[in-house]
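Remarks on the overall topology
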Amino acid sequence: MPMRPLLKGKPSPWLTDLPPLGMEAEDLARDIRHHFNCTLGRDKHCKSAHYSYTALALAVRDRLMERWKNTHYAYEEADCKHAYYLSMEFLMGRALGNAMLNLGLDNPLHKALHSIGLELEELVESEPDAGLGNGGLGRLAACFIDSCATLQLPVMGYGLRYEYGMFRQNIEDGYQVEEPDHWLRNGHVWELERPELTVRVRFGGRVETYEEHDRRKNLRWVETHDVLAVPYDIPVPGYQNGTVNTLRLWKAAATDEFDLDEFNAGDYAESVAAKNVAEHISMVLYPNDASENGKELRLRQQYFLASASLQDVIRKWVANHGEDFSQFAEKNCFQLNDTHPSIAVAELMRLLIDEHELNWDQAWSITSRTMAYTNHTLLPEALERWPVRLFRQLLPRLLEIIFEINARFLSEVSARWPGDIDRLARMSLIEEGWEQQVRMAYLAIVGSFSVNGVAELHSNLLMQGLFRDFYEMWPHKFNNKTNGITPRRWLAWCNPKLAALITETIGEGWVTDLSQLNKLAPYADDPAFRKRWREIKRANKERLLEHKKAELGVEVDPDAMFDVQVKRMHEYKRQLLNVLHVIHLYDRIKRGDKADWTPRCVLFGGKAAPGYVMAKRIIKLINNVANVVNHDPATDGLLKVTFMPNYRVSAMEVICAGADLSEQISTAGKEASGTGNMKFMMNGALTIGTLDGANIEIRQEVGADNFFLFGLTAEEVESMRPHYDPESFINRSEDFRRVMHLLESGHFNQFEPGIFDSIAQSIRSPHDPWMTAADFDGYVQAQRAAAAAYKDQEAWSRMSILNCATSGKFSTDRTIGEYNRDIWKLQPVPSLSVK
Ligand code: 26Q
């Protein structure tokens, strides 16, 4: 990589010594003007909010920059252990508001903007979401790095800088239509390109052996097609503590030799055009979609992330310690966010052996003491497998290493269980069959010293089910880390009114010690406090309606119960069960069964993977039901239904603050944890839910009286499955029969015959994996209880306060504290600078 010319010595202190930037309104106003006029070169004729936003963001960024450098110096000086969070997804959402809050600039910036004549709200809204993730797993990574910075832990995030993030969702004629999300189109002020840290990642080629002056045989990976990985750093500020950590995202770039060697030597234009092939690697985020399994580009992305990140860490190591890796495992830890980056296990082996001349045992000792793996799914079909054929073609050296890891691992298994052939086949990293496959989860388990699930139930089910053999072999590796959410974004920022009331009542300590929310519990019995609580919820509901006015397409009464299900569309999450309940409510209204009715607005939102036909059909059903219900005058003042298009992080910030009832209704044993459930709880919504994922722990914290429980347990689901008979549930329930009749009679698809047949069939199928019919009656009953409870607004407010007051456990500060205590074992490093 040709480098820019280097300075002979260090840069002059005249260049690098800066006094701290002022944090007062006047300082900020001056800098915003400066950036608008000088950095951006705009003038009085500029009407676009984008440039005002950028000027504001640059002024905030300046303040991050000095803290960022100081954090880096503090880590260097402490010579401390680091952890690295390797993730294919970081669903960051918007950055401006978060930076303002964490720098403590909220008030001075309001003042500054007022003096300039700008509206903060409008500028904040003009920032596009950084949608570099699908859903829960990606947002968890974002919440985690927020907490790491707040806890002043030396943790760096490593991910990919996708040119196109999560697709934008439009609804046309009730159907989902995807549109590419070119989120970088107008520039991205929060990133800092670091071309000087570019690394090279290899693909393809073949492996050859060679002998080096009589030494042992060595292996060489040759004739590779190389791609450059260019890092872009994004600052991750802690909460008012002077720490700014780094999220490093890799962009793929072509090498210069790439084209001229391989393509049409002599044809300049053609060879430059061929750069695309390399640059495709970081072009697009894959939607979480079973139909995308096995795609070569996805494997390229995964290896690109793992290799670039490991090389980056090793480069820093060698700069400080030379080729002495004896302390590497004591000073570094890699947390693998699901199996997506788990090729890192083999890649670290390769780098240590092939590039740094360690022997196998030394390399394995280091690797298996630095890798830790988090699992996020119980669905067996979601476990990653890659065809050996693809590996051989794309990563031949890595395949050899995986085979060697497997051979040594299997000999350990057979030493422990002699003659147990079945066990060997079950545990092998290579699945045999018509096509051999690499089982990435097993590679991750074998290569890691820690394996964790993301909620108590999920971790237990992993140990008893999916990973049982491995748990039997290495019980000490397995642990649970119940997920959380950052209270900065998900309470302090997204719900300023509630945050102010909480701070006024119990002080401001809760923002960094969320367990303090329990001090609110006694106020649940104070009618004056309940009234203020209710008024804030009501204002947040109006804010939600105002925000989503254009998209809702219906008039909604803010006094109605806001019953919300927003999350990725998936059959196991059972949005379908929710629609069936809506149909039931509609049926009750139509037949006049509406005494003591609780007016309700049912809000849906969520994206379906583009290739997931059934999930898309359920979106269509929701929209068709909404259309019938909302246009029927009989439902006036009683029931509204709406599907909010393009659900994303910034939408959730408005939605969770305005929700009354949180729908967490997955088939028990299928949702690993859920994190939306926590956002709703923290903002004072009550949950209607099954005993699944973190719902169980939510209910434990808030108490059974303040949670609407229904449905089979995970155990009951599995014992019923072999003789599951949906018809018996339908026949037994008059309500259910009527709902199925409405669905099957074409009431919601009068001019679109047959479009919901597949949905009705799935409900009636004894092989329905999600067993929707089994939970229908219980769900309807729980919904009745919720509706009745909502009628008593005093009692409801009490429960709402208790939900918030007991949500302390679900802060990622607690989660990260546990990751650090049990897995990473890092020392916090205080920042050197001003807060
Ligand atoms: C796999 C192969 C090819 C392309 C994409 C993927 C892929 C991408 C994303 C597979 C899975 C995901 C995301 C999974 C996810 O978000 N899981 C959720 O993780 C949350 C955080 O732990 C949990 O709360 C949820 O329960 C879990 O569903």
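Anything mentioned here points back to the structure above.
Residues numbered from 1 in each chain as written. Predicted model: local features only at pLDDT ≥ 70, side-chain atom pairs only at ≥ 80, totals over all residues. Heavy atoms only, no water.

Digging into the overall build of the protein
We apply this condition: Here a strand is any run of E in DSSP of at least two residues, a helix any run of H or I of at least four, and the numbering for each starts at the N terminus. Our radius of gyration is a C-alpha quantity, and the globule rule it is checked against amounts to 2.2 Å times the number of residues to the power 0.38. Categorising residues by exposure relies on relative accessible area from a 1.4 Å probe, with only protein chains included: less than 20% of the type maximum marks a residue as buried, more than 50% marks it as exposed, and the intermediate range marks it as partly exposed. Exposure was quantified through the Shrake-Rupley algorithm and a 1.4 Å probe, taking into account, for residues, occlusion by the shown protein chains and nothing else.
Of regular secondary structure, the protein possesses 36 helices and 25 strands. Whereas a compact globule of 835 residues would reach a radius of gyration of roughly 28 Å, the protein reaches 28 Å, a difference of no more than 12%. The dimensions of the protein, computed from C-alpha atoms along their principal axes, are 90 × 75 × 55 Å. Counting every position in the protein, which comprises 835 residues, the buried fraction comes to 60%. Surface accessibility of the protein: about 33,500 Å² in total, with carbon and sulfur atoms responsible for 51%.

Here we look at the nonpolar core
Under the convention used in this document: Remark: nonpolar core denotes a set of buried residues (Ala, Val, Leu, Ile, Met, Phe, Trp, Tyr, Cys) joined through side-chain atoms within 4.5 Å. Residue contacts are counted whenever heavy atoms from the two residues lie within 4.5 Å of one another.
One finds Phe304, Phe391, Phe409 and Trp824 to be the most contacted residues of the largest nonpolar core, which totals 114 residues. When residues in this core are grouped by element, the largest group, ten residues, is from helix H11 (residues 296-321). Filtering out sequence-adjacent residues up to four positions away, Phe391 remains in contact with Leu299, Ile343, Trp386, Pro396, Leu398, Leu399, Ile402, Val438 and Met440. Core analysis: the next-biggest nonpolar cluster, separate from the first, contains 88 residues, Leu113, Val124, Tyr239 and Met681 among them.

Details of the environment of Lys679
Considering the arrangement of structural elements, one finds Lys679 in helix H28 (residues 676-682). Taking the relative accessible area as the measure of exposure, Lys679 reaches 7% and is therefore buried.

A few points about the site of the ligand
Here is the rule: Here a residue is considered near a molecule or strand provided that any single heavy atom belonging to it is located within 4 Å of it. Counted as a polar contact is a pair of N or O atoms within 3.5 Å, where, for protein atoms, one must be capable of donating a hydrogen and the other of accepting one, and residues adjacent in sequence contribute only when both atoms are in side chains.
Leu137, His376, Asn483, Glu671 and Gly674 are the nearest of the 20 residues found near the ligand. In the model, an oxygen atom of the ligand is placed 3.0 Å from a nitrogen or oxygen of the Ser673 main chain. The separation between an oxygen atom of the ligand and a polar main-chain atom of Gly674 is 2.8 Å. In isolation the ligand offers 620 Å² of accessible surface; the protein chains occlude 90% of this area. Here the shell around the ligand gets three residues from one element, more than from any other, and that element is helix H7 (residues 136-150).

Focus: the packing of helix H22 (residues 496-506) against helix H23 (residues 527-547)
Quick reminder of the rule: What counts as an axis is a line fitted to C-alpha atoms, over the stretch in contact for a helix, and the angles between N-to-C directions run from 0 to 180 degrees. By definition in this entry, angles of less than 35 degrees are roughly parallel, angles greater than 145 are roughly antiparallel, angles of 65 to 115 are roughly perpendicular, and the rest are oblique. Less than a right angle of anticlockwise turn of the near helix away from the far helix marks a crossing as left-handed, whereas a clockwise turn marks it as right-handed. In the scheme used here, Gly and all other residues not listed as nonpolar or charged are polar, with Ala, Val, Leu, Ile, Met, Phe, Trp, Tyr, Cys and Pro taken as nonpolar and Asp, Glu, Lys and Arg as charged.
It is at 9 Å that the axes of H22 and H23 come closest, and there the two elements cross at 160 degrees. With respect to H23, the axis of H22 lies roughly antiparallel. Viewed along their axes, H22 and H23 form a crossing whose handedness is right-handed. Here H22 contributes Pro496, Lys497, Leu498, Leu501, Ile502, Glu504 and Thr505 to the contact with H23, which in turn contributes Phe529, Arg532, Trp533, Ile536, Ala539 and Arg543. By residue class, the composition of the contact of H22 with H23 is eight nonpolar, one polar and four charged.

Structural notes on empty space enclosed by the protein
Over the atoms, a rolling probe the size of a water molecule traces out where space has been left empty. Just so we agree on the cut-off: Only protein atoms enter the calculation, which uses a 1 Å grid: trapped sets of points that fit a 1.4 Å probe without letting it out are cavities, open sets showing protein on both sides within 12 Å along at least five of seven lines are pockets, and any residue with an atom within 4 Å of a point is a lining residue. Grid points are joined across faces, edges and corners, and a volume is the space filled by probe spheres set on the points.
Inspection of the entire model under this criterion finds five cavities of 30 Å³ or more. There is about 70 Å³ of room inside the largest cavity. The wall of the largest cavity is formed by Glu571, Arg574, Leu576, Ile618, Ser762, Ile763, Asp768, Trp770 and Thr772. A breakdown of the residues in the lining of the largest cavity according to their chemical character gives four nonpolar, two polar and three charged.

What about the pattern of salt bridges?
For side chains of opposite charge, pairing can occur when their charged atoms come near one another. We count it as follows: Whenever Lys or Arg places a side-chain nitrogen within 4 Å of a carboxyl oxygen from Asp or Glu, that contact is recorded as a salt bridge.
Throughout the structure, instances matching the rule amount to 70 salt bridges. Across the salt bridge formed by Arg591 and Asp735, the nearest N and O atoms sit 3.4 Å from each other. Here Arg591 is found in the loop between helix H25 (575-590) and strand E21 (600-605), whereas its partner Asp735 is found in helix H32 (residues 734-744), with 144 residues between them in sequence. Judged by relative accessible area, which is 35%, Arg591 ranks as partly exposed. With its nearest N and O atoms 2.7 Å apart, the salt bridge here joins Arg821 to Asp822. Judged by relative accessible area, Asp822 falls into the partly exposed class, the value being 32%. Each of the salt bridges in this network shares a partner with another, and the network as a whole consists of Asp587, Arg588, Arg591, Asp593, Asp735, Arg738 and Arg784.

Description of helix H13 (residues 344-355)
By the criterion of burial, H13 is predominantly enclosed, with ten of the twelve residues buried. Along H13, the residues classified as buried are Ala344, Val345, Ala346, Glu347, Leu348, Met349, Arg350, Leu351, Leu352 and Ile353. Directly after H13, the chain includes Glu357, whose backbone phi takes a positive value near 60 degrees.

Comments concerning the side chain of Asp129
Mapped onto the elements, Asp129 comes out in the loop between helix H6 (120-125) and strand E3 (130-132). When its relative accessible area of 11% is taken as the criterion, Asp129 is described as buried. Polar contacts involving the side chain of Asp129 include one to the main-chain amide nitrogen of Val649, which spans 3.4 Å. Within the structure, Asp129 has its side chain in polar contact with the side chain of Ser650 (distance 2.7 Å). Excluding its chain neighbours within four sequence positions, the residues that come into contact with Asp129 are Gly93, Arg94, Trp183, Arg648, Val649 and Ser650.

What about the packing of aromatic side chains?
What counts, and what does not: Two aromatic rings from Phe, Tyr or Trp, using only the six-membered ring of Trp, form a pair when their centres are within 6.5 Å; if the ring planes differ by under 30 degrees the pair is stacked, by over 60 it is edge-to-face, and anything between is tilted. Whether a charge lies above a ring is judged from NZ of Lys or CZ of Arg, which has to be within 6 Å of the ring centre and within 35 degrees of the ring normal.
This model, assessed by the stated rule, comprises 27 aromatic pairs. With a centroid separation of 6.4 Å and an interplanar angle of 40 degrees, the aromatic rings of Phe470 and Trp474 are classed as tilted. Its relative accessible area of 11% is what places Trp474 among the buried residues. Linked through ring pairs, Tyr85, Phe90, Phe144, Tyr819 and Trp824 together constitute an aromatic cluster. Sitting over the ring of Phe167, Lys607 keeps its end group 5.7 Å from the ring centre.

Re the sheet that holds strand E24 (residues 686-689)
Operational definition: The criterion for strand pairing is that DSSP finds at least two bridges linking the strands in question.
Strand order in the open sheet formed by six strands is E22-E21-E20-E23-E24-E25, and the pairing between neighbours is parallel. The open sheet has two edge strands with one neighbour each: strand E22 (639-644) and strand E25 (708-709). Bridging between strand E20 (residues 561-566) and E21 involves six bridges; their strand directions are parallel. Its bridge partner being in E21, Val566 is matched across the sheet by Gly605.

Remarks on the sheet that holds strand E17 (residues 437-439)
Spatially, E15-E17-E16 is the arrangement adopted by the three strands of the open sheet, whose pairing is antiparallel. The open sheet has two edge strands with one neighbour each: strand E15 (385-387) and strand E16 (430-431). With two bridges connecting them, E16 and E17 associate as antiparallel partners. By the bridge assignment, Ile430 is partnered in E17 with Val438.

Shape is all these values report; function is a separate question.
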